[in-house]
Amino acid sequence: MSPHTLDHAAASEVFNRDEPRVDWHDETLWWVRQKRDRAAMQLPEWEALREAASQIKHHVLSNLDTLLENFERKAQENGITVHWAANAQEHNEIVWSLLHKKGIDRMIKSKSMLTEECHLNDFLRSKGIEVIDTDLGERIVQLRQEPPSHIVLPAIHLKKSDVGDTFHEHLGTEKGATDPQYLTEAARQHLRETFLTRRAALTGVNFAIAETGGFVVCTNEGNADMGAHLAEIHIASMGFEKIIPRADHLGVFLRLLTRSATGQPVTAYSSHFHRPRPGQEMHIVIVDNGRTTQLGRPDFRNSLKCIRCGACMNTCPVYRRSGGHSYHNAVAGPIGSILAPNLDMRKNADLPFASTLCGSCSNVCPVKIDIHDQLYKWRQVLAQEGYVGGIKKTSLQLASKVLASPTLFKLSFNAARTALRIAPWAANNPLNAWSIHRELPDAPKDSFRQWWEKNRK
Ligand code: SF4
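Residues numbered from 1 in each chain as written. Predicted model: local features only at pLDDT ≥ 70, side-chain atom pairs only at ≥ 80, totals over all residues. Heavy atoms only, no water.

Per an unreviewed UniProt entry, the protein chain goes by Lactate utilization protein and derives from Siphonobacter curvatus.

Remark: the centre distance and the inter-plane angle together describe each pair of aromatic rings, the angle taken between the planes. The final tally for this structure, using the stated rule, is seven aromatic pairs. Relative to F273, the ring of F215 lies with its centre 5.4 Å away and its plane at 25°, an arrangement referred to as stacked. Of this pair, F215 sits in strand 6 (residues 214-219) while F273 sits in strand 9 (residues 269-273), and the two are 58 residues apart along the sequence. With a relative accessible area of 0%, F215 lands in the buried category. Residue classification places F273 among the buried positions, given a relative accessible area of 5%. Arranged with centres 5.9 Å apart and planes meeting at 25°, the rings of F448 and W451 form a pair that is stacked. Of the two residues, F448 and W451 both sit in helix 21 (residues 448-455), three residues apart, roughly one turn of that helix. The class of F448 is exposed, set by a relative accessible area of 60%. (Phe/Tyr/Trp six-rings, centres within 6.5 Å; stacked < 30°, edge-to-face > 60°. Helix = DSSP H or I, 4+ residues; strand = E, 2+ residues; numbered from the N terminus. Buried < 20%, exposed > 50% of the residue type's maximum accessible area, 1.4 Å probe, protein only.)

Right, let's get into the side chain of H157. Relative to the helices and strands, H157 resides in the loop between helix 8 (136-143) and helix 9 (160-171). Relative accessible area serves as the criterion here: at 9%, H157 is assigned to the buried category. Side-chain polar atoms of H157 contact the side chain of S149, separated by 2.8 Å. Setting aside chain neighbours within four positions, we find H157 in contact with R21, W24, H25, V141, E146, S149, D162 and H325. (Polar contact = N/O pair within 3.5 Å; in protein donor to acceptor, adjacent residues only side chain to side chain. Contact = heavy atoms within 4.5 Å.)

Right, let's get into the site of the ligand. Close to the ligand lie 13 residues; C306, C309, G310, C312 and C365 are nearest. Broken down by class, the residue content of the shell around the ligand amounts to 11 nonpolar, one polar and one charged. (Near = heavy atom within 4 Å. Nonpolar A, V, L, I, M, F, W, Y, C, P; charged D, E, K, R; others polar.)

To continue, consider the sheet that holds strand 3 (residues 130-133). Reading across from one edge, 1-10-7-4-2-3 is the order of the six strands in this open sheet, with parallel pairing throughout. Here the strands that pair on one side only, and so sit at the sheet edges, are strand 1 (81-85) and strand 3. Averaged over neighbouring strand pairs, the angle between their axes works out to 25° when direction is ignored. In this sheet, strand 10 (residues 281-287) lies alongside strand 7 (residues 233-239) in parallel orientation, the contact comprising seven bridges. In the sheet register, G239 faces strand 10, and the bridge partner there is V287. Seen against the sheet, helix 5 (residues 88-101) touches strand 1, strand 2 (106-109), strand 4 (200-203), strand 7 and strand 10 and runs at an angle of roughly 145° to strand 1. (Pairing = 2+ DSSP bridges. Axes fitted to C-alpha atoms, helices over the stretch in contact; angles between N-to-C directions.)

It is possible for side chains bearing opposite charge to pair when their charged atoms get close. Across all of its chains, the model carries 23 salt bridges by this definition. A salt bridge links D37 to R36; the nearest nitrogen and oxygen atoms lie 2.7 Å apart. For the pair shown, D37 and R36 are each scored as buried. We note a salt bridge from K454 to D446, for which the minimum N-O separation is 2.5 Å. Here K454 falls in the exposed class, since its relative accessible area comes to 53%. When its relative accessible area of 23% is taken as the criterion, D446 is described as partly exposed. (Salt bridge = Lys/Arg side-chain N within 4 Å of Asp/Glu carboxyl O.)

What the four strands build is an open sheet, ordered 8-5-6-9; its pairing is mixed. Of all strands in the sheet, those with a lone pairing partner are strand 8 (243-244) and strand 9, marking the two edges. Here strand 6 runs beside strand 9; their pairing, made up of five bridges, is antiparallel. Along strand 9, the bridge assignment pairs V217 with S271.

The next point concerns the state of the cysteines. In the structure shown here, the tally under the stated rule is zero disulfides. The cysteine C316 is free of any disulfide, with C358 supplying the nearest cysteine sulfur at 6.6 Å. The closest cysteine sulfur to the non-disulfide-bonded C358 is located on C361, 6.1 Å from its own sulfur. (Disulfide = S-S within 2.5 Å.)

For strand 6, a buried count of six out of six residues is recorded, marking the element as mostly surrounded by other parts of the structure. By the alternation rule, side chains of strand 6 split into G214, V216 and C218 and F215, V217 and T219, which are all buried. Here strand 5 (residues 207-209) runs beside strand 6; their pairing, made up of three bridges, is antiparallel. In the sheet register, A208 faces strand 6, and the bridge partner there is F215.

What follows is about the pairing of strand 4. Here strand 4 shows no split at all, with A200 and L202 on one side and A201 and T203 on the other all buried. In this structure, strand 2 lies alongside strand 4, joined through three bridges in parallel fashion. Considered in strand 4, the bridge of K109 is made with L202. Note that strand 4 and strand 7 share four bridges and pair parallel.

A separate point is the nonpolar core. If you look at the biggest cluster of nonpolar residues, it comprises 78 residues, and the most contacted ones within it are F207, F215, I243, I284 and I335. L124, V131, A200 and V287 belong to the second largest nonpolar core, which has 22 residues in total. (Core = buried A, V, L, I, M, F, W, Y, C linked by side-chain atoms within 4.5 Å.)

This is the structure we're talking about:
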């Protein structure tokens, strides 16, 4: 691969050093995937729901301008202040200025992948503002100074013993404790104090409704509600694709979201925010940050339909065995590998290659995004733009010539088979990256074509 700061394959090697952990990670996510299958199969109308969701999002992407303006007008009528941010920097500056104006230096935050994308925590820390993440998984990785490794299950790469060690170090729990109830209680006591003492709360937005000017936040722990209801200022950060036209459409998405994410019939808390309570300020920051560019790429615009359920990660054989951190991007896995090159092609040119293109991601996606097709298309764009390394590019050009000519195919495969029989070490050696994790079988004497001609009777 050409000039990268990080590389998925190299980062996966690090994760793969601990084989039992990789097996456990793989099995855990597959278990979540199976729960999703059972939940989906309980609904005879599942495919109709997926189709409806995809069509609604298609309509949204074609009418974003009017829907967003309608939403802004309605939200303002409801007493919500609406801000627009062209990029991550503007988003972070807006959040900071709101806190600064009120003299607030401590904020609680419920899980928001958009703020991860914008690196909000680091930005606010540099301004002297402390941010406490209140989603349990998010808080665990925050204490460990790690980014989330999954969009729905941020600490899925960690075992109970890792959490026990982290809580012992930061929250003073007993050394070696691994009982989930004990550890959860410790987190609950720790977070209770922050809920009660922080004056500002930031939440994400799962769905914003153009018709009503309200928005919905889905959590399983109720932490968004706790934060938003107790704080004197509630800031909601929203990628502009989160808009849906009508409140009626919520039923479609809420039925799909958690079934796809964790196999639950519905999220424990789907909280509707429409207006600030008396005395409270409510702000919503609508963020572009590359989304307009993606909307303008016909092959990739469907990626903006994503409702961030994580199903494509749970099913992906590469994600399950390489871990979320190997994707070096806020959103990991198959959908992250489509979104990341849009943000920075040079830095993320490796990610569309982190896929077997098996299509399992597209099969489970509740909004029917053609994920594996888009990954394949990104590979072509990246090659055309010069982000694919010379060796790979030359060998694929050669392969395409050989595969396009029956004569060349026959000659070269006969030559390769003979060479492999005489000197197998020429291919099976540590200099050949392909063979490092694979064993080439012994080359047969005859080609399949020769075998067929001899045995077809
Ligand atoms: S791409 Fe589809 S499956 Fe993946 S997170 Fe988004 S909605 Fe879920």
